[in-house]
Amino acid sequence: MILVELRKLFRRPRTWATVAVLNALPVLVAVLLVLTDLAPRPGEGPPFLSAVLSNGALYPLAALAIVLPLFLPIAVAVVAGDAVAGEAQAGTLRYLLARPAGRTRLLVAKLVAVLAFVLLAVVVVAAVGYVVGISLFDAQPVAGTTSVSGTSLSSGEIAGRTAMAIGYVGVSMLGVAAFALFFSTLTDSPLGATMGALAVLVASSLLFTLDAASPIAPYLPTRYWLAFVDLFRDPILWRDLTRGLALQGVYVGVLLAAAWANFTTKDITS
Amino acid sequence: MSAVIATRALVKRFGRLRAVDGIDLDVRAGDVYGFLGANGSGKTTTVRMLLGLVLPTSGEVELLGERMPRAGRRVLPRVGALIESPAHYGHLSGAENLKLLDAAGPGGSWRTRGRRVAEVLEQVGLGGVGRRPVTAYSLGMRQRLGLAGALLRRPDLLVLDEPTNGLDPQGIAEIRELLLELHRGGTTVFLSSHLLAEVEQLCSRVGVLDRGRLVLQDDLATLTAPTGATVVRTPEPDRVRALLDARVIAVDGDRLVVRGPDPAAVNALLVGAGIPVTALALDRPSLEEVVLAAAATSADRVEAVR
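Residues numbered from 1 in each chain as written. Chains lettered and ligands numbered in written order. Predicted model: local features only at pLDDT ≥ 70, side-chain atom pairs only at ≥ 80, totals over all residues. Heavy atoms only, no water.

Contacts between the two partners involve 28 residues from chain A, matched on the other side by 34 residues from chain B. At the boundary of chain A with chain B, total buried surface from both sides reaches about 2500 Å², with 56% on carbon and sulfur atoms. Of all residues in chain A, the largest losses of buried area upon contact with chain B belong to A:R94, A:Y95 and A:R99, amounting jointly to 31% of the total for that side. Inspection of the region where chain A meets chain B yields four salt bridges. Our count for the chain A to chain B interface comes out at 19 residue pairs in polar contact (both at pLDDT 80 or more). Mapped onto the side of chain A that touches chain B, the elements with two or more residues apiece are helix 1 (2-10), helix 4 (71-90), helix 5 (92-98) and helix 6 (103-136) of chain A. With six residues, helix 5 of chain A is the single largest residue contributor to the side of chain A that touches chain B. (Contact = heavy atoms within 4.5 Å. Buried area = accessible area lost by both parts, 1.4 Å probe. Salt bridge = Lys/Arg side-chain N within 4 Å of Asp/Glu carboxyl O. Polar contact = N/O pair within 3.5 Å; in protein donor to acceptor, adjacent residues only side chain to side chain. Helix = DSSP H or I, 4+ residues; strand = E, 2+ residues; numbered from the N terminus.)

Quick look at the structure:
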């Protein structure tokens, strides 16, 4: 069943179009930076972007930071929102369940496929970022890279921490996927499910900037998204990272449980 | 005879509406069962409850001797279904669609998958369709592909909801022939339809649903059994009336219904009196008359509540 879902996902032209679009923005930004040589000053613009002109090896992180606020969540919400509602809208859901695929098994397979897409999206963005970074910008200086805290990091450390950052962004996106998948079991409209998940994220980002909302700020799903920057401090600042992981864990657990409870007891009338 | 589909006091309520209101279906092995009902009478909801898609409010469903939806994983691989319209992944070919569907559940070995898909495509008349994506199929081709999906695992029971929808007359005849052939091979067929003619040509047993209630369930032969009267056509209906008087039940132009179960005897009587007879037949109710007598108005009508 999982293989069937993976095959459906990756044989679908839309999946690859989404990944391609996802990479367009970081590539465009890189080209503009090279042509103009106008990097944002440190502390402004997306994280890491100020540093890439001197070290192209940091561009994967800059690329992730560029797509993280909007593009990546949209892509994940589209795929996850489509998971169940898309089958319902196409009418294939009733045939899958009468086959019988099993409701729990279908949901798990959909979740794994969404997970695979999240990983693929994040890894491809990082990989394309790396290729673009080392081919357009200066190679890494011999002295080693400067961490956000000002000390030097070896290239081995950079690689390890980049991998961790990819994992962290992946987990953050899993939270988005859980929202979209839950909404996907509620409605027969994939667009509705995707928009629902995005509405949650927009609301969360908005509340985060509002002082009056500070009591609930630690529980907003987007609160710790950018904490992956902390992986590049020396030493690594774990506080926000662990909180971010725990928060996403709770969201994913609760939402998937709700999705399961709803989907397994639902009348399929699509 | 063992029951293939048995429901007991099956009820489905959507809010205040009782879509299915306590029905007791009884479909036996070897039946071609025609499930008739107007649009909105609860046919589709019932079919969905049989397959475990819609969960009953109360009552029981037994499919191939096991309780649904609990035993779905064991029972459903032996059931082929066409539920309302066919549905496929448009960007994939017909064969690829069938392979994915087969792989999505138990009871279909991957070793035989390619062969079974090719066989079943041949059987429904799509053998030469090749790698074309389903988006490029006509409505009739999609219907055939849907039927192919239902036949993929040589099911013991076929549950078909409007299977000839979108087919041209040749296609309808072809599918009817296919269903009868499968039935001869031992498959029980449960055919849900609002097309009386289709059911009359195919089915051995009939159930009629009217606003959620099963108002009729019997063998087709019993329902359309001779009424004990004879239909006579003659250019001189008045003379028949004069001769037989009280035995004439109805007159409609040159068509008379005369009491008397033996057309030959009626004929002898009329010819003996010198009345010309142009046609003679046993009086049988048509399925349409039976259904209209059993079911009230169309369920699409929504009357104002006074």
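The subject of this paragraph is the nonpolar core. A:Y59, A:F228 and B:F190 are the most contacted members of the largest nonpolar core, which totals 158 residues. Counting residues per element, this core draws most heavily on helix 7 (residues 155-186) of chain A, at 14 residues. In this structure, A:Y59 is in contact with A:P26, A:V29, A:A30, A:L49, A:V52, A:I66, A:G129, A:V132, A:G133 and A:F137, ignoring residues within four places of it in sequence. B:L244, B:V266, B:L270 and B:I275 belong to the second largest nonpolar core, which has nine residues in total. (Core = buried A, V, L, I, M, F, W, Y, C linked by side-chain atoms within 4.5 Å. Buried < 20%, exposed > 50% of the residue type's maximum accessible area, 1.4 Å probe, protein only.)

On inspection of all chains with the given rule, the structure shows 36 salt bridges over all chains. In this structure, A:D188 and A:K266 form a salt bridge, with 3.9 Å as the shortest nitrogen-oxygen distance. On the criterion of sequence distance, the pair formed by A:D188 in the loop between helix 7 and helix 8 (190-208) and A:K266 in the segment after helix 9 (238-264) is long-range, its members being 78 residues apart. Overall, A:D188 belongs to the partly exposed group, its relative accessible area being 33%. Within the structure, one salt-bridge network assembled from shared partners comprises A:R99, B:D102, B:R113, B:R116 and B:R153.

Function cannot be inferred from these measures alone, as they are strictly geometric.
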